[in-house]
Amino acid sequence: MESFDVIVCGGGAAGIGAAVGAAQSGARVALLERYGFLGGAATNSQVLSYCGFYQCDARGDRAIGGVGYQVLLELAKLGEEIQPRRSELTGNRIILLDPEKLKYTLDQLVLSHRVELFLHTTVVDVKKQGDHLEAIDLVGLFQQRSLSGRAFVDATGNGQLARFTGLPCSLNLQEQTLQSMSLPIRLGGLAKDLTIDREAIKMAVELYNRRAVYQIPRQDGGVFMRVPNSNDWLWMIVDLGLDDVQEELVTKAEWMGRKIAHDCVEVLRAEVGGFENCHIVNTGPQIGIREAWRPEAQYTLKREDLASGRKFDSGIARAAWPMEDHSKPGKPSYHPIGGAGYGLIPLESLSTKIPNLWLAGRTIGADAAAYGSIRVMGTSFATGQAAGVAAALFAQQDEPPQSHQVIEDLKAQDALV
Ligand SMILES: Cc1cc2nc3c(=O)[nH]c(=O)nc-3n(C[C@H](O)[C@H](O)[C@H](O)COP(=O)(O)OP(=O)(O)OC[C@H]3O[C@@H](n4cnc5c(N)ncnc54)[C@H](O)[C@@H]3O)c2cc1C
């Protein structure tokens, strides 16, 4: 069986942070991703804006360095705008993404760090030796196999690796529902100089709701963002609740989301000036799932920690995005980060009862409110990088590293802690 120092499962922001972070700490790294491209929700669910890179207070300082910032600098070399924009709706700072340039950039970045990349590869089971994780079982496009590792990072977003290990996993059900799912719709056939008439869109959504079986809770007309390097717009209007993690529920949400998108775009075409020729360019490949299994970490980051901008001594990454609540489909609400505009995420929110397994990205330990902040992609790069560094140190010394060792390595890798 082929063997690695660090095996990272999941190729989203967290997995890329983890893989490059571990490689920069000297580890031989395998990065596994079930789709044929990297990027996670950005590229598989059209979440085309990075949040969390910059504080959302008046200062607007950058909160993320290291691997996440390397990604931005590589995008800038391709001519992309990486300066944050302030959202007209929320005042929050975001960076817009071109999905194809992002996929290309991420490939090149991980390969340049000699990370061994396995695309079209799904983790389906694990092997344990005592309380340690020893190997993982994979299904690829053409074969099944196992890889052994000294240390592992769960960056699957849904906590799948942790769940296979038997680590306790829970669902953060708020009022019987997880953070809602959304199906971003990419619209084409629009004029280059189109301006969004929000009142007309709002009226079109009202009209849709009067006729439709499946209602749209975003009555404000939703969020529109122009897709960089195109005349297309991304429309965030379809939200669907999720109250359990079952394939049947996600299947229903996929077809229902596409039906709503189709019918709603028909109303736009008929009712809103400038949208006469618009059509759906893309949804998917999958509906955006904000929240699923939450594996048990050694510390659960809390609302109060972020509301007060708490600085843990073992802090390994900055959480600067406001706590964003999507517990009810429809308009999200935002709750600010206190203190200096960011809170520190402690290493203990990434470590688990399994001594050689770390959590990264949206799988880390956080209560329902703190989760609304730490899950965004800028922050996921940072928690991923810390998990990768911790895993690489474990592979060298065969025992969990102290937080000061992880922090030193992260600083040497230009991460902001
Ligand atoms: C609709 C929606 C809108 C959002 N809006 C924003 C936004 O504007 N900006 C922002 O920054 N964040 C946004 N978020 C949150 C953000 O996208 C996620 O929380 C973030 O992507 C988390 O990063 P991650 O790397 O932890 O997980 P993911 O991006 O989910 O990546 C996990 C990766 O693991 C892979 N994977 C899963 N299981 C396996 C397996 N068994 N084997 C192999 N690979 C596997 C997946 O294919 C995926 O590529 C939004 C999320 C949604 C759903």
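What counts and how
Residues numbered from 1 in each chain as written. Predicted model: local features only at pLDDT ≥ 70, side-chain atom pairs only at ≥ 80, totals over all residues. Heavy atoms only, no water. Pairing = 2+ DSSP bridges. Helix = DSSP H or I, 4+ residues; strand = E, 2+ residues; numbered from the N terminus. Axes fitted to C-alpha atoms, helices over the stretch in contact; angles between N-to-C directions. Expected span 1.5 Å × (residues − 1). Contact = heavy atoms within 4.5 Å. Core = buried A, V, L, I, M, F, W, Y, C linked by side-chain atoms within 4.5 Å. Buried < 20%, exposed > 50% of the residue type's maximum accessible area, 1.4 Å probe, protein only. Near = heavy atom within 4 Å. Polar contact = N/O pair within 3.5 Å; in protein donor to acceptor, adjacent residues only side chain to side chain. Areas by Shrake-Rupley, 256 points an atom, 1.4 Å probe, with all protein chains shown as cover. Nonpolar A, V, L, I, M, F, W, Y, C, P; charged D, E, K, R; others polar. Lys, Arg positive; Asp, Glu negative; His and termini not counted. Salt bridge = Lys/Arg side-chain N within 4 Å of Asp/Glu carboxyl O.

Engineer: I would appreciate a short explanation of the sheet that holds strand 11 (residues 181–188) in the present structure.
Structural biologist: Sheet strands pair via backbone hydrogen bonds, and the direction of the pair is either parallel or antiparallel. Spatially, 12-13-11-14 is the arrangement adopted by the four strands of the open sheet, whose pairing is antiparallel. With one partner strand each, in any of the chains shown, strand 12 (223–226) and strand 14 (279–282) form the two edges of the open sheet. Adjacent strand axes in the sheet meet at a mean angle of 40 degrees when their direction is disregarded. Bridge count for strand 11 against strand 13 (residues 233–240) is six bridges, and the pairing is antiparallel. Across the sheet, the residue bridging to I185 is W235, located in strand 13.

Engineer: So what exactly am I meant to see when it comes to helix 1 (residues 13–24) here?
Structural biologist: Because each turn of an α-helix spans 3.6 residues, side chains separated by three or four positions end up pointing in the same direction. Its 12 residues place the ends of helix 1 16 Å apart at the C-alpha level, agreeing with the 16 Å of an ideal helix rising 1.5 Å per residue. Looking at the buried positions of helix 1, the neighbouring elements they touch are strand 1 (2–9), strand 2 (29–32), helix 3 (66–77), helix 4 (99–112), strand 9 (144–154) and helix 10 (377–397). Residue G26 follows helix 1 closely and has a positive phi angle near 95 degrees.

Engineer: Would you explain the nonpolar core in this entry?
Structural biologist: One broad rule of soluble globular proteins: the nonpolar side chains tend to lie buried together. The biggest cluster of nonpolar side chains holds 102 residues, and the ones touching the most others in it are Y50, I136 and I316. The element best represented in this core is helix 10, accounting for 11 residues. In this structure I136 touches I7, C9, L32, V123, D125, V126, R145, S146, L147, F152 and L161, once residues within four positions along its chain are discounted. Grouped together as the second largest cluster of nonpolar side chains are 35 residues, L194, V238, I260 and V265 included.

Engineer: I tried to follow the site of the ligand on my own but got confused; where do I start?
Structural biologist: Close to the ligand lie 33 residues, the nearest being E33, S49, Q160, R375 and M377. Contacts to the ligand include R34, whose side-chain N or O atom sits 2.9 Å from an oxygen atom. In this structure, S49 approaches the ligand through a main-chain N or O atom, which is 2.7 Å from a nitrogen atom. For the ligand, whose accessible area on its own is 990 Å², the fraction buried by protein is 95%. Top contributing element to the shell around the ligand by residue count: strand 3 (residues 49–51), with three residues. When its residues are assigned to classes, the shell around the ligand shows 13 nonpolar, 15 polar and five charged.

Engineer: Could you clarify how one ought to interpret the sheet that holds strand 5 (residues 93–96) in this entry?
Structural biologist: An order of 3-5-4 is seen for the three strands of this open sheet, with the pairing classed as antiparallel. Among the strands making up the open sheet, the edge pair consists of strand 3 and strand 4 (85–86). In terms of strand pairing, strand 3 meets strand 5 through three bridges, oriented antiparallel. Across the sheet, residue S49 finds its bridge partner in strand 5, namely L96.

Engineer: Whenever I open this one, the side chain of R318 confuses me. Can you help?
Structural biologist: Mapped onto the elements of the fold, R318 is located in strand 16 (residues 315–319). Of the buried charged residues, R318 lacks a salt bridge, with D61 as the closest side chain of opposite charge at 6.4 Å. Side-chain polar atoms of R318 contact the backbone oxygen of V417, separated by 3.3 Å. Residue contacts for R318: discarding those within four places in its chain leaves R62, A63, I64, Y342, G343, L344, T379, L416 and V417.

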